[in-house]
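# Results of the structural survey
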Amino acid sequence: MLPLSSGLPTIGGTTTVGSTLTVSSGTWAGPTPSYAYQWDRCNSSGAACSVIPTATKQNYIPAATDVGSTLRVVVTATNKNGSAVATSPATATVTALSDPTTSTSTTTTASTTTTVSTPTTTTTSTSTTTTTPPPPTLGDSLASTLLPSTGTTFYVSTSGSDSNPGTLTAPWRTIQMALNVLQPGQQALVRGGTYTQDLMMSRAGTASAPITVAAYPGETVVLHAASTSGDTYPVQISGSYFRLHGFVIENGLGTSDANVYLWGDAHQIEVSGNEIRYGQDQGVFADNTTSYLQFLDNRVHDNGLNHVSGQHQSHGFYIEGSHDLFANNLIYNHPYGFGLQIYPANHDTVVVDNTIAASAHSSIVVGGSGGVYNITIRNNILYPSGGTYGGATSSTPTRPHPSRAAAPASTRTGATPSPTPCLLLSRAAACSCRPAVRPSTVRQVPGPRPPTSTGTAVRRASGRTSARSSARNASLSRADQSRKLFAFSL
């Protein structure tokens, strides 16, 4: 028999920002099931609920975006006969942290008043209130992430039909259907399975109501391109205020392909919680017209698969544009390029708390003739790379991205640009890259040996550095080995 709920899940804990909430699995009859959890954000009356895409554990810590809302959890129980769901009651309304600490000090002063008769002394008490601000929140200097999509939730399934209304019981068949019709604030959850489609997201959400397409919690959703010739792209994004979350995106084909390709006016895009792998060329490529892209908690590996003789370099990320954020990503096994290439034009980008290992050249390269400046790289674990999977080189990157008519032909050929990169990193570092017009210098500072460079000046910013160079980690060509370095603090 299917799992049968005989007691609803319950949520325990204090509904205050920063406190930990824990949900029970509830009580179930039938063969012993396994459980998957999905936290939802609801209005103050417990209605109009929407999925919190990244909240799929038994525990959840309310954030500032939850203030004024209630929370609930949908528990999916699965046994050998199938699955069933049960939903917890909503919590109390989430409240903010307590107000800043205030301290009151009382100062007593004496004043003398003289009259024609007898002198008198009066005492005046003055109260002075001093407000002590709370300590800064970790990571509050980073760009704000997209707000949750709180509108209607639709569903996609390999057993559905695009003529259906897109409900849980009558889902759509293709993800492209969702990309074509979702309105600002709405979201689509994709049930488990493999979807072979050339996905194109060209529509826009808004700052207060982004569009979300995410894998259904607890289920594996694999995306392949439908095209089998030329350069193929499982996912293309040219829209804005859009979140892509929780997929396995793989097997892009062609010597200038990308598993995820962002181009045009793509901006305010979040790519989070995905596994991006096995592309013949780039894992992710973003064109120079894009901006405000956020890559959070992705696993990007083994791109450059089936690399052919004469093909240009193939990287985990190849990023142009501006104002981007890379945080908490695991990037490894790129035997024909760099883990992260920010080149040849980008500015005001932050790279923080990533682990990058086993690249053909350095873990990160920054620089180029298009103008690269205000690049902040801090608190990353960068395992030595070079050759095939060790050491460091000073190879100048090539330009292996899809051809677009909007760009000059000279930059679309894959030829090696003449300027050398401004930064080649193969050790953990906190640094900032200056514009390409600056003189070529590297300033020595105490601590780990700074990288050498023949391009623009490099300044090491203050902050924690993390070097991992022990002999026991001499080879990191497997995911489980790279996972040893995946220790972030963001």
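Presented here is an overview of the structure given in this document. Since this is a predicted model, take the numbers as computed values, not measurements. (Residues numbered from 1 in each chain as written. Predicted model: local features only at pLDDT ≥ 70, side-chain atom pairs only at ≥ 80, totals over all residues. Heavy atoms only, no water.)

## Quick word on the overall build of the chain
Broken down by element type, the chain carries 2 helices and 38 strands. Buried residues in the chain amount to 49% of all 490 residues. Of the roughly 21200 Å² of accessible surface on the chain, 52% is carried by carbon and sulfur atoms. (Helix = DSSP H or I, 4+ residues; strand = E, 2+ residues; numbered from the N terminus. Buried < 20%, exposed > 50% of the residue type's maximum accessible area, 1.4 Å probe, protein only. Areas by Shrake-Rupley, 256 points an atom, 1.4 Å probe, with all protein chains shown as cover.)

## Some points on the packing of aromatic side chains
Enumeration over the complete set of coordinates arrives at 11 aromatic pairs. Both rings, one in Tyr155 and one in Tyr216, keep their centres 6.4 Å apart while their planes meet at 50 degrees; by these two values the pair is tilted. Placement of the pair is Tyr155 in strand 12 (residues 153-156) and Tyr216 in the loop between strand 16 (211-215) and strand 17 (221-224), with a sequence separation of 61 residues. Note on Phe295 and Phe326: the rings are 5.1 Å apart at their centroids and 20 degrees apart in plane angle, and the pair reads as stacked. In this pair, Phe295 sits in strand 25 (residues 291-296) while Phe326 sits in strand 28 (residues 325-327), placing the two residues 31 residues apart along the sequence. The buried category is assigned to Phe326, whose relative accessible area is 1%. Against the face of Tyr216 rests Arg191, its NZ or CZ located 4.0 Å from the ring centre. (Phe/Tyr/Trp six-rings, centres within 6.5 Å; stacked < 30°, edge-to-face > 60°. Lys NZ or Arg CZ within 6 Å of the ring centre and 35° of its normal.)

## Here's the deal with the environment of Thr93
By secondary structure assignment, the location of Thr93 is in the loop between strand 9 (82-87) and strand 10 (102-113). Placed 24 residues apart in sequence, Thr93 and Ser69 show a C-alpha to C-alpha distance of 5.3 Å. When sequence neighbours within four positions are dropped, the list of residues in contact with Thr93 reads Thr15, Ser44, Gly68, Ser69 and Thr70. (Contact = heavy atoms within 4.5 Å.)

## Details of the state of the cysteines
Counted according to the given criterion, the structure contains 1 disulfide. In this model, Cys42 is linked to Cys49 through a disulfide, with the two sulfur atoms separated by 2.0 Å. Looking down the S-S bond of the Cys42 and Cys49 bridge, the torsion is 105 degrees, so its handedness is right-handed. The pair formed by Cys42 and Cys49 is uniform in burial state, with each residue classed as buried. (Disulfide = S-S within 2.5 Å.)

## What to know about the sheet that holds strand 6 (residues 50-51)
What the 4 strands build is an open sheet, ordered 6-5-8-9; its pairing is antiparallel. At either end of the open sheet lies a strand with only one pairing partner, and these are strand 6 and strand 9. Relative to strand 9, strand 8 (residues 70-79) runs antiparallel, the two being bridged by 6 bridges. Within strand 9, the position partnered with Val74 by the bridge is Thr87. (Pairing = 2+ DSSP bridges.)

## Quick word on the side chain of Ser291
Within the secondary structure, Ser291 sits in strand 25. Ser291 gets classed as buried once you look at its relative accessible area, which sits at 16%. Once you skip the residues sitting within four places of it in the chain, Ser291 turns out to touch Ala266, His267, Gln268, Ser322 and Asp324.

In short, shape yes, function no, at least from these values alone.
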